[in-house]
Amino acid sequence: MSLPLLMAGMVDTLTPLLSPMKVKAHGGQFTEREIALLLGDSPAVLIAALGLDSFGPNDELNGYQTKGRFAAYCIGAATATETSTEYAMAAAQTVINALLADQTWGVPALCQPPELTSIAAEAVYSGHINILSVAIWVVTWTQNFEFTRV
């Protein structure tokens, strides 16, 4: 398995759960200055790999095991029935529910369920971006994976 394939599995798993929101892989963290570039996709959930650590060998796969840190940035846009914050919070809750269901992203032989104590959610942008009728919640977690050498 590779990191791009893992990210694709996350997107594929979350897409039907979050419909009609767009779900797509994202390059990582972003700053408040970059939010304007993301507004064209809102409402959306952006899945990002934040980093890999705790590497160890896996000779059976001619690869390695590692702990991945991931984020789901839930960008809510105001609708006729929900504020942007409510929309973002609801998306975050859907992601959390998927993680709590021992999510292995379609590759259970290569992926352990998320570490439950690592799951966290918080509002990262609101305030003055609320003028744009957008709010962002982020869900983060860690998970152990098996990768093959590339």
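Residues numbered from 1 in each chain as written. Predicted model: local features only at pLDDT ≥ 70, side-chain atom pairs only at ≥ 80, totals over all residues. Heavy atoms only, no water.

Peer 1: It is not clear to me how the overall build of the protein should be interpreted in this structure. Could you clarify?
Peer 2: Looking only at helices and strands, one finds 3 helices and 5 strands in the protein. The C-alpha atoms of the protein give 16 Å as radius of gyration, which agrees with the globular expectation for 150 residues (15 Å, within 12%). Considered along the principal axes of its C-alpha atoms, the protein spans approximately 55 × 30 × 25 Å. A total of 150 residues make up the protein; the buried ones form 41% of that total. Within the protein, contacts between residues at least 6 apart in sequence are counted, and of these 60% link residues at least 24 apart. (Helix = DSSP H or I, 4+ residues; strand = E, 2+ residues; numbered from the N terminus. Rg over C-alpha atoms; globule rule 2.2 N^0.38 Å. Buried < 20%, exposed > 50% of the residue type's maximum accessible area, 1.4 Å probe, protein only. Contact = heavy atoms within 4.5 Å.)

Peer 1: So what exactly am I meant to see when it comes to the pattern of salt bridges here?
Peer 2: Think of it this way: side chains of opposite charge can pair up when their charged atoms draw near. Across all of its chains, the model carries 2 salt bridges by this definition. With a closest N to O distance of 3.7 Å, Arg69 and Asp53 form a salt bridge. Of this pair, Arg69 sits in strand 3 (residues 63-77) while Asp53 is found in strand 2 (residues 44-58), placing the two residues 16 residues apart along the sequence. As a salt-bridge pair, Glu115 and Lys67 come within 3.2 Å of each other at their nearest N and O atoms. You can see Glu115 sitting in the loop between helix 3 (84-100) and strand 4 (120-125) and its partner Lys67 sitting in strand 3, a full 48 residues away along the chain. (Salt bridge = Lys/Arg side-chain N within 4 Å of Asp/Glu carboxyl O.)

Peer 1: Just checking my understanding: could you explain helix 1 (residues 3-18) for this structure?
Peer 2: Residue pairs three or four apart in sequence face the same way in an α-helix, which turns once every 3.6 residues. Between its first and last C-alpha, helix 1 extends 22 Å over 16 residues, near the 22 Å set by a 1.5 Å rise per residue. Every buried residue belonging to helix 1 is among Leu6, Met7, Gly9, Met10, Val11, Leu14 and Leu18, and all of these are buried. The inward-facing, buried residues of helix 1 abut strand 1 (22-26), strand 2, strand 3, helix 3 and strand 5 (134-148). (Expected span 1.5 Å × (residues − 1).)

Peer 1: Honestly, the packing of helix 1 against helix 3 in this entry has me stumped. Any pointers?
Peer 2: Packed helix pairs are specified by the crossing angle of their axes together with the interaxial distance, meaning the distance between the axes. It is at 10 Å that the axes of helix 1 and helix 3 come closest, and there the two elements cross at 130 degrees. Here helix 1 lies oblique to helix 3, going by the angle between them. As for how helix 1 packs across helix 3, the hand of that crossing is right-handed. Touching Leu14, Leu17 and Leu18 of helix 1 are Ala91, Thr94, Val95 and Ala98, all from helix 3. (Axes fitted to C-alpha atoms, helices over the stretch in contact; angles between N-to-C directions. Parallel < 35°, antiparallel > 145°, perpendicular 65-115°, else oblique. Left-handed = near helix turned anticlockwise from the far one by under 90°.)

Peer 1: Can you help me understand helix 3 in this one?
Peer 2: Taking 1.5 Å per residue, 17 residues should reach 24 Å; helix 3 reaches 24 Å between its end C-alpha atoms and fits that length. Its buried side turned inward, helix 3 meets helix 1, strand 2, strand 3, strand 4 and strand 5. Once helix 3 ends, the next one or two residues include Asp102, with phi positive near 55 degrees.

Peer 1: In this structure, what is going on with the sheet that holds strand 3? I would like to understand it.
Peer 2: Strand pairing in a sheet relies on backbone hydrogen bonds, with the paired strands running either antiparallel or parallel. One open sheet accounts for 5 strands, arranged 1-2-3-5-4; its pairing is mixed. A strand with exactly one partner marks an edge of an open sheet, and here the two such strands are strand 1 and strand 4. Shown here is a sheet whose adjacent strand axes are inclined to one another by a mean of 30 degrees, direction ignored. Note: strand 1 against strand 2, 5 bridges, orientation parallel. Looking across to strand 2, one finds that Lys22 is bridged to Ala44. (Pairing = 2+ DSSP bridges.)

Peer 1: Help me understand the pairing of strand 2, please; the structure alone is not making it clear to me.
Peer 2: Side-chain positions along a regular strand alternate between the two faces of the sheet. Pairing geometry for strand 2 and strand 3, over 12 bridges, is antiparallel. In the sheet register, Asn58 faces strand 3, and the bridge partner there is Gly63.

Peer 1: Explain the side chain of Thr104 here, please?
Peer 2: Mapped onto the secondary structure, Thr104 falls in the loop between helix 3 and strand 4. Once you skip the residues sitting within four places of it in the chain, Thr104 turns out to touch Cys111, Gln112, Pro113 and Gln143.

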